[in-house]
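# Topology and contacts: notes
One-letter residues, chain by chain:
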Amino acid sequence: MRYAIVSDIHANLQAWEAVVDDMAGLQIDHIICLGDIVGYGPDPSPVTQAIRKLASVAVVGNHDAAVCGRMDTSLFNDNASEAIAWTKGKLSDDDSRYLRQLPEKARPEGAGFLVVHAEVVEPMAFGYILDEETARVNFAACDDRIIFIGHSHRAGVFMEQPSGEISLHDPYDFCCDAQNRYIINPGSVGDPRSTSIVASYAIYDDLTRDVHFRRIAFDIEAFRANIDATELVSRPFFLRYLEEIALGGAAGAYSIPSVQETDSVPRINLASPKIVVKKKDPFVKVGIGVILVALGAGIWFFSHNTKRSVEKSTAAQKVAGRQSGKTSSSSVVAGEAKNGGLPEVTEQLPVTARFVRISLPRDGYLCLAEVEVYSGGINVALKGKATQSSNISGFSTADKAIDGDISGRYHEQHMTHTQLGTGNWWLLDLGKDYPIDQLVVWNRNEGRNPEEYETLWARLDGYTLQLLDQDKNPVFLRKNNPGKGVRNIVK
C-alpha cells in the first residue's frame, strides 16, 4: 500500500487542493491525517469535510481539540486563541462531532506504523519532539519501528539505530532499514514555517518501505484573498513574511518563527516575543503601514545614494588607474576583477548572479531531479525558466528541475533528462541578479532495484557548476562536483 501522510493543514483550502491534485498521479491507496485540520486558516469547514471524505485515518491535533472543547484554549498564545475562537463559529455541528471523536493516536490496519499529532508519551499534552533526547523518550514509549508525527511544521527524520544512537536528519527520500526505528515528520500542508513557501507532505510505501517527501506550490494569492475576506486579525507566518518583503524588508531579516510563537504552553517556554495585533483598528493598521513604507523608502534612499557614491568613487579610481598605467586593488568593488572591470570568477559563495549553468564535460546523460537556488533563505529557482541541450523524450522538459519536486522518480516524470552525448548542459535564468548563498542539486534517485542506484547517481558525477551575471559573464565556477548521491549541497 502507498500512504499519503498529511499534517497541519490549518484550514488552508488552496494548499490542500494542491496536495490532492499532486496525489492524483501517484497511486495513493490511503490518506492518513496527523491532525490540526483547522486553526489559523480561513476555510475550516471545507477542509474538515474534505478530510472526513478522503482520509482513511485521522488523529486529533491541538487546534482540532481546542475548537471542539477537548482542550483548554487558555493554553494557546494570542494568535492561536483568536483563530480558534473564530473557527468555532464557522464549523457545522457535524464538523465539530467529527473532530470530537478523532483518536489521540492510531495504527492503521495492516500498515505497520503509528501515527500521532505531536508525541507518543502524552498525546493530549501536545509536546514537541525537536531534539534527540525528546525523540529518545518517545521511542521508549512504544514498540513501533515507524512513527509519523506533525505539530512542529518542520519536516525531518529522527533515526534510532540498534546501538541506541539517535540522529536528526533533514527531509530526504530514503528506504527505512528494518534494523532502525524512525520518527518522521512530513511537514505542514497549509502553514509552512520556513522561507520555502510550499505545501509539504510525505508518501510511505509499506511494501518497499520507501519514504518520499513532497513539496507542492499552492495559490498563495487566493489564500490571501480568502483570509482577507474574514475577520481574522492574525496572519500565518508565510503571509507575514511575504508582506514584510513587499514592504521593503530584507529577505533574511524576517526569521522563521520558533515553536514558542506557534501554539500551546505545555513543555514550552513562551518567553520569546510574539508578533500579535490585538485589535483590528484600521487607523492603527494604516499608521503601521505608513511607518513601514517610510522606513523601507528610507532604507532604499540610503542604499541607492550609497551605491551611487560608491559607483562614482569607483569610476574615478578606475580613471586614475588608467591614467597612471596601473590598477590599484582599491578600485575593485563588489566582486569586480582587475581585467577591464569584468567580474571575478570565484569558487566560493555567496556571489551575485542571474544564470545557473550545469554541464557534463564528458559523454553521458545529464539527469536532474531538482535544482534549488537559495537567496536569503528563499528558493528563487522556482521563479526562473530553464533550457537544456537536449530532451530524452517529450515529457523531460528542462523546467522539471525547478518545479519543486525532488523525488527524481523517472516513471512518474519527476525529473529532466538529456539524451546521451558529450557536453550536455542545463541553464536556469532567474530573471534578474540575486545574491546566491547556496545551491542544492538533486539527482535522479529511482531505479528498478537498489543495485541500480549507484549507477544512476553516477550519471551526474563530475558535473561542472557555473554562475553567470546579467551579461552572462562567469562569476562562479566549480568543477568536478560529486554527483554520487541523491543531492549535492553547494555553499
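The structure presented is a predicted model; accordingly, all values stated were derived computationally and were not measured.

Cut-off values and rules
Residues numbered from 1 in each chain as written. Predicted model: local features only at pLDDT ≥ 70, side-chain atom pairs only at ≥ 80, totals over all residues. Heavy atoms only, no water. Helix = DSSP H or I, 4+ residues; strand = E, 2+ residues; numbered from the N terminus. Buried < 20%, exposed > 50% of the residue type's maximum accessible area, 1.4 Å probe, protein only. Contact = heavy atoms within 4.5 Å. Areas by Shrake-Rupley, 256 points an atom, 1.4 Å probe, with all protein chains shown as cover. Pairing = 2+ DSSP bridges. Axes fitted to C-alpha atoms, helices over the stretch in contact; angles between N-to-C directions. Parallel < 35°, antiparallel > 145°, perpendicular 65-115°, else oblique. Left-handed = near helix turned anticlockwise from the far one by under 90°. Nonpolar A, V, L, I, M, F, W, Y, C, P; charged D, E, K, R; others polar. Polar contact = N/O pair within 3.5 Å; in protein donor to acceptor, adjacent residues only side chain to side chain.

Quick look at the overall build of the chain now. Helix and strand content of the chain: 10 helices and 23 strands. Buried positions account for 51% of the 491 residues belonging to the chain. Within the chain, contacts between residues at least 6 apart in sequence are counted, and of these 71% link residues at least 24 apart. For the chain, the exposed surface amounts to about 22000 Å²; the carbon and sulfur share of it is 53%.

Spatially, 6 strands are ordered 3-2-1-11-12-9 in an open sheet, and the strand pairing comes out mixed. Lying at the two open borders of the sheet, with one neighbouring strand each, are strand 3 (55-58) and strand 9 (174-175). Here helix 1 (residues 13-23) sits on the sheet and contacts strand 1 (2-6), strand 2 (30-33), strand 11 (199-205) and strand 12 (210-216); the angle it forms with strand 11, its principal contact strand, is near 35°. Across the face of the sheet, helix 2 (residues 44-54) comes into contact with strand 2 and strand 3 while running at roughly 110° to strand 3.

Moving on: the sheet that holds strand 21 (residues 463-468). Spatial ordering of the open sheet is given by 17-19-13-21-22, a layout of 5 strands whose pairing is antiparallel. The sheet terminates laterally at strand 17 (385-388) and strand 22 (474-481), the two strands that pair on one side only. The sheet shows a mean angle of 15° between the axes of neighbouring strands, direction not considered. Bridge analysis of strand 13 (residues 351-364) against strand 19 (residues 421-436) gives 11 bridges, and the strand direction is antiparallel. Pairing of Ile 358 across the sheet is with Trp 426, part of strand 19.

Moving on, we get to the packing of helix 2 against helix 5 (residues 93-100). The contact between helix 2 and helix 5 brings their axes to 10 Å, and the two run at 55°. Comparing the axis directions of helix 2 and helix 5 gives the class oblique. Judged by the sense of rotation from one axis to the other, the crossing of helix 2 with helix 5 is left-handed. On helix 5, the residues that touch Ser 45, Thr 48, Gln 49, Ile 51 and Arg 52 of helix 2 are Asp 94, Asp 95, Tyr 98 and Leu 99. Residue composition of the contact of helix 2 with helix 5, by class: 3 nonpolar, 3 polar and 3 charged.

Our focus in this paragraph is the environment of Pro 361. Relative to the assigned elements, Pro 361 resides in strand 13. When its relative accessible area of 55% is taken as the criterion, Pro 361 is described as exposed. For the pair formed by Pro 361 and Thr 464, sequence separation is 103 residues and the distance between their alpha carbons is 7.2 Å.

Describing two packed helices takes the angle between their axes plus the distance from one axis to the other. Where helix 1 meets helix 2, the axes come as close as 10 Å, and the angle between the chain directions of the two elements is 25°. On the basis of their axis angle, the class for helix 1 and helix 2 is roughly parallel. As for how helix 1 packs across helix 2, the hand of that crossing is left-handed. The segment helix 1 lies against helix 2, with Leu 13, Trp 16 and Val 20 engaging Pro 46, Val 47, Ala 50, Ile 51 and Leu 54. For the contact of helix 1 with helix 2, the per-class residue count stands at 8 nonpolar, no polar and no charged.

Below, the discussion takes up the side chain of Ser 375. With respect to the helices and strands, the residue Ser 375 is situated in strand 15 (residues 370-375). Polar contacts involving the side chain of Ser 375 include one to the main-chain carbonyl oxygen of Pro 435, which spans 2.7 Å. Aside from chain neighbours lying at most four places away, what touches Ser 375 is Val 380, Tyr 434, Pro 435 and Asp 437.

Among the 5 residues that make up strand 20 (residues 438-442), 4 are buried, leaving the element largely enclosed by the rest of the structure. Where strand 15 and strand 20 come together, 5 bridges link them in antiparallel fashion. Following the sheet pairing, Glu 370 is matched in strand 20 by Trp 442. Bridge count between strand 20 and strand 23 (residues 487-490): 4 bridges; the pairing is antiparallel. Pairing of Val 440 across the sheet is with Ile 489, part of strand 23.

Once that is clear, we can look at the side chain of Thr 87. Within the fold, Thr 87 resides in helix 4 (residues 78-88). On the basis of relative accessibility, which here comes to 0%, the residue Thr 87 falls in the buried class. A polar contact of 2.7 Å, which involves the side chain of Thr 87, links it to the backbone oxygen of Ala 83. Among all residues touching Thr 87, those that are not within four sequence positions of it are Val 38, Gly 39, Pro 44 and Val 67.

This part covers the environment of Trp 457. The topology assignment puts Trp 457 in helix 10 (residues 453-457). Along the backbone, Trp 457 and Trp 442 are 15 residues apart, and their C-alpha atoms lie at a distance of 9.6 Å. Those residues in contact with Trp 457 that lie beyond four places of it in its chain are Asn 443, Arg 444, Asn 445, Gly 483, Lys 484, Gly 485 and Val 486.

Attention shifts here to the pairing of strand 13. Here strand 13 runs beside strand 21; their pairing, made up of 5 bridges, is antiparallel. Its bridge partner lying in strand 21, Phe 355 is registered against Leu 468.

Remember that the coordinates give geometry; whether it matters functionally is a separate question.
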